[in-house]
Amino acid sequence: MPSLLLLAGDGIGPEVMAATERVIHFFNKRGAGFELQSGLVGGTAVDNEGAPISEATLAKAMAADAILFGAVGGPQYDGLSYDMRPEAGLLRLRKHFDLFANIRPAICYPALADSSSLKREVVEGLDIIILRELTGGVYFGEPKTIEELGNGQKRAIDTQVYDTYEIDRIGRAAFDLARTRRNHVTSMEKRNVMKTGVLWREVMEETHKDGYEDVTLDHMLADAGAMQLVRNPKQFDVIVCDNLFGDMLSDIAAQLTGSLGMLPSASLGAVDSTTGRRRALYEPVHGSAPDIAGKGIANPIAMIASFGMALQYSFGMVAEAKALDAAIAETLAEGLRTADIAAPGDEAVGTTEMTDAILGNLEM
Ligand code: GGG
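You'll find the protein entered in an unreviewed UniProt entry as 3-isopropylmalate dehydrogenase, with Acuticoccus mangrovi given as the organism. Looking at the Function (unreviewed entry) heading of the UniProt record, one finds this comment for the protein: "Catalyzes the oxidation of 3-carboxy-2-hydroxy-4-methylpentanoate (3-isopropylmalate) to 3-carboxy-4-methyl-2-oxopentanoate. The product decarboxylates to 4-methyl-2 oxopentanoate." One UniProt comment on the protein, placed under Pathway (unreviewed entry), says "Amino-acid biosynthesis; L-leucine biosynthesis; L-leucine from 3-methyl-2-oxobutanoate: step 3/4."

### Examining the UniProt feature "binding site: substrate" (unreviewed entry) in the protein
Under the UniProt annotation, "binding site: substrate" (unreviewed entry) lies at Arg94, Arg104, Arg132 and Asp223. Spatially, the listed residues are scattered: they cover 130 residues, and their C-alpha atoms lie as much as 26.1 Å apart. Looking at where arginine 104 falls in the secondary structure, it is placed in strand E4 (residues 101-107). Ignoring any residue separated from it by four or fewer positions in sequence, one finds arginine 104 in contact with Ile129, Ile130, Arg132, Ser250, Leu263, Ser265 and Val285.

### Quick word on the environment of glutamine 76
Topologically, glutamine 76 is positioned in the loop between strand E3 (66-71) and helix H4 (86-96). Residues glutamine 76 and methionine 1, spaced 75 residues apart in sequence, show a C-alpha to C-alpha distance of 39 Å.

### Digging into the domain arrangement of the protein
The assigned domain composition of the protein is domain 1 (1-105 + 259-364) and domain 2 (116-128 + 136-257). For domain 1 versus domain 2, the distance between C-alpha centres works out to 23 Å. Each partner contributes residues to the interface: domain 1 has 13 residues there, and domain 2 has twelve residues. Where the side of domain 1 that touches domain 2 is concerned, the elements lending two or more residues are H4 and E4. If you tally residues by element for the side of domain 1 that touches domain 2, the top one is E4, at four residues. Along the lines of polarity and charge, the residues of the side of domain 1 that touches domain 2 split into nine nonpolar, two polar and two charged.

### Focus: the pairing of E3
By the criterion of burial, E3 is predominantly enclosed, with six of the six residues buried. The sheet contact formed by strand E1 (residues 3-9) and E3 spans five bridges and is parallel. Its bridge partner lying in E3, leucine 5 is registered against isoleucine 67.

### Structural notes on unusual backbone geometry
Note the cis peptide between glutamate 142 and proline 143, where omega equals 0°. Looking at the secondary structure, you find proline 143 in strand E6 (residues 141-148). In this structure, aspartate 98 is a non-glycine residue whose phi angle is positive, near 50°. With respect to the helices and strands, aspartate 98 occurs in the loop between H4 and E4. With phi around 65°, asparagine 183 is a residue other than glycine that occupies positive phi space. Look at asparagine 183 and you get partly exposed, because 14 C-beta atoms sit within 10 Å.

### Things to note about the site of the ligand
Taken together, Ala71, Val72, Gly73, Glu87, Leu90, Asp247, Glu283, Pro284, His286, Gly287 and Ser288 make up the full set of residues adjacent to the ligand. When its residues are assigned to classes, the shell around the ligand shows four nonpolar, four polar and three charged.

### Points about the packing of helix H1 (residues 13-29) against helix H12 (residues 351-363)
Two elements in contact, H1 and H12, have axes whose closest approach is 10 Å; the angle formed by their N-to-C orientations is 20°. Taken together, the axes of H1 and H12 lie roughly parallel to each other. As for the relative orientation of H1 and H12, their crossing is right-handed in sense. Contacts between H1 and H12 involve Glu15, Val16, Ala19, Arg22, Val23 and Phe26 on the former and, on the latter, Thr351, Thr355, Leu359 and Leu362.

### Here's the deal with the sheet that holds E1
Pairing in this open sheet of ten strands is mixed, and the strands run E2-E1-E3-E12-E11-E4-E5-E10-E8-E9 from one edge to the other. A strand with exactly one partner marks an edge of an open sheet, and here the two such strands are strand E2 (35-39) and strand E9 (216-221). Neighbour-to-neighbour, the strand axes of the sheet open up by a mean angle of 25°, direction not taken into account. Both strand E5 (residues 127-133) and strand E10 (residues 238-241) contribute to a ladder of four bridges, which runs parallel. Along E10, the bridge assignment pairs isoleucine 130 with isoleucine 239. Sheet contacts for helix H7 (residues 195-209): strand E8 (184-189) and E9; angle to E8, the most-contacted strand, approximately 160°.

Calculation rules
- Residues numbered from 1 in each chain as written.
- Predicted model: local features only at pLDDT ≥ 70, side-chain atom pairs only at ≥ 80, totals over all residues.
- UniProt positions renumbered as here; feature names shortened; annotations may be inferred.
- Helix = DSSP H or I, 4+ residues; strand = E, 2+ residues; numbered from the N terminus.
- Contact = placed C-beta atoms within 7 Å.
- Domains from an automatic or database assignment.
- Nonpolar A, V, L, I, M, F, W, Y, C, P; charged D, E, K, R; others polar.
- Buried ≥ 20, exposed ≤ 12 C-beta atoms within 10 Å, placed from the backbone.
- Pairing = 2+ DSSP bridges.
- Near = placed C-beta within 6 Å.
- Axes fitted to C-alpha atoms, helices over the stretch in contact; angles between N-to-C directions.
- Parallel < 35°, antiparallel > 145°, perpendicular 65-115°, else oblique.
- Left-handed = near helix turned anticlockwise from the far one by under 90°.

Okay, here's the thing in structure tokens:
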């Protein structure tokens, strides 16, 4: 039986996860047979289990075929030490399972082309992927400290580190992904000011020469890339970049699609050569949105579409993933809008109504 561990987390995480559970049950009624377990992560795990992720939850994650993750964080946890922050639970999962390849598709559904921050003609038909390296870079490099300098001053240090193998494997993931699409990879870094940028470009070039020359590879400085992303986003197919640039570029890309509430993601590990399996975690790109938590108005689409990515990447249920995507597109075409994607004057629906409509369109 395929198994999923549901880690809803904080803020709107439990609301969008509950919506997604309804979608999972829809597929189970038709024989998919997903076995579900749940656990705590983030601030709710700190409150109830004394750590942002417990060893017991990590063991459940190890046993599951894939993890569905909601969102973590909240202002009430701001005073906690770095290792006790809700985000530390998510970073631990990524590192523990070596989920280095974070696929973040930014698709502008036709019905939402006027909800984007940009003109309709710039975003209509947009379908790009930001491939974010997820287990290295400044998120994990050592030293990572805040030091007392003894003169009333402090010094904060974050360290950006990349080894050849880390760049090579995310480069291969980018080229493999591009081959399933429009065969074009744009690598973004800051080699003009960062040594990691120099190595990033060098390794991308070498990996490209190692059997991927059928894929077009070009390079941009990440700042220029950010500008191009809002100027002419349809020039891109797969953008590959480091952990921090990937986080920022995908939030920019979210605005092209209408809202951060529209972006799903898949975080994948390497394929195990003996089992053929790969570790995977699926989560919306958005965070816990404490300002709207508990109001029943969160957009569930990014979380539901993240489950769609699980159907595709972890369970080979490509037809089901396509049906789910079509149901989302149809629901948007019918005019349903949660508050984040509603135009001024539009009547917005809540999380439950949006989910009802998606399920209704899946039935058909
Ligand atoms: N669903 C995503 C989420 O909860 N993000 C909060 C977070 O911990 N973000 C860290 C990052 O990915 O940079």
